[in-house]
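Structural characterization, general
Here is how the chains run, residue by residue.
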Amino acid sequence: HMLSDELVIDSGKTAVYLKGRPVTLTAAEYRLLMGLVRSHGNFVPKNKLYCETVDDHAELGNDTALKTHIRRIRVKLGDNGKNPKYILCRKGYGYCLNEEIKVRVINKLP
């Protein structure tokens, strides 16, 4: 079943709203969240996620930096790292935005 929570992302303004309230993210956190949104429901390997969203000059992902960004996003979404609802992690697979979360992206840029 779909959870009633809705994550709305205004990509024109790079703004994020959770249940109607604004969520303030840094540029890196926003890019990271968008990387998870693009593969909504599918796990993204940590290396790929880091290199494609946080540091596109990196050849290898920085695990510590990635975990720090994920933790900060979780805190801002009111998520619990021990029992996460939004951003899931599976050892050996990477991170995933929970497929049960309804996400709407508005004002997509061409």
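Description of the structure in this document.

Each value, and the rule that gives it
- Residues numbered from 1 in each chain as written.
- Predicted model: local features only at pLDDT ≥ 70, side-chain atom pairs only at ≥ 80, totals over all residues.
- Heavy atoms only, no water.
- Helix = DSSP H or I, 4+ residues; strand = E, 2+ residues; numbered from the N terminus.
- Contact = heavy atoms within 4.5 Å.
- Phe/Tyr/Trp six-rings, centres within 6.5 Å; stacked < 30°, edge-to-face > 60°.
- Buried < 20%, exposed > 50% of the residue type's maximum accessible area, 1.4 Å probe, protein only.
- Axes fitted to C-alpha atoms, helices over the stretch in contact; angles between N-to-C directions.
- Parallel < 35°, antiparallel > 145°, perpendicular 65-115°, else oblique.
- Left-handed = near helix turned anticlockwise from the far one by under 90°.
- Nonpolar A, V, L, I, M, F, W, Y, C, P; charged D, E, K, R; others polar.
- Pairing = 2+ DSSP bridges.

Right, let's talk about the side chain of His69 for a bit. Here His69 lies in helix H3 (residues 63-76). Among residues more than four places away in sequence, those in contact with His69 are Ala28, Glu29, Leu32 and Val54.

This part covers the packing of aromatic side chains. Under the definition given, this model contains one aromatic pair. Ring geometry for Phe43 against Tyr93: centres 6.2 Å apart, planes inclined by 55°, an arrangement best described as tilted. Of this pair, Phe43 sits in the loop between helix H1 (27-38) and helix H2 (46-54) while Tyr93 sits in the loop between strand E4 (87-90) and strand E5 (94-97); the two residues are 50 residues apart in sequence, bridging distant segments of the chain. For Phe43, a relative accessible area of 25% translates into the label partly exposed.

Running from amino to carboxyl end, H1 crosses H2 at an angle of 125°, the nearest separation of the two axes being 8 Å. Taken together, the axis directions place H1 and H2 in an arrangement best described as oblique. Every pair of crossing elements has a handedness; the one defined by H1 and H2 is right-handed. Across from Arg31, Leu32, Gly35, Leu36 and Arg38 in H1, the residues of H2 making contact are Leu49, Thr53 and Val54. A class-by-class count of the residues in the contact of H1 with H2 yields four nonpolar, two polar and two charged.

Turning next to the sheet that holds strand E1 (residues 6-10). Strand order across the open sheet formed by four strands is E3-E2-E1-E6, with mixed pairing between neighbours. Where the open sheet ends on each side, the last strands, each with one partner, are strand E3 (21-23) and strand E6 (102-106). If you compare each strand with its neighbour and ignore which way they point, the axes differ by 25° on average. In terms of strand pairing, strand E2 (residues 15-18) meets E3 through three bridges, oriented antiparallel. The residue of E3 that forms the bridge with Val16 is Val23. Most of the contacts of H1 go to E1, to which it runs at about 115°, and overall it touches E1, E2 and E6.

Of note, Lys67 is situated in helix H3. Taking the C-alpha atoms as reference points, Lys67 and Tyr50, 17 residues apart in sequence, are found 9.8 Å from one another. Leaving out residues up to four positions away in the same chain, Lys67 has contacts with Lys46 and Tyr95.

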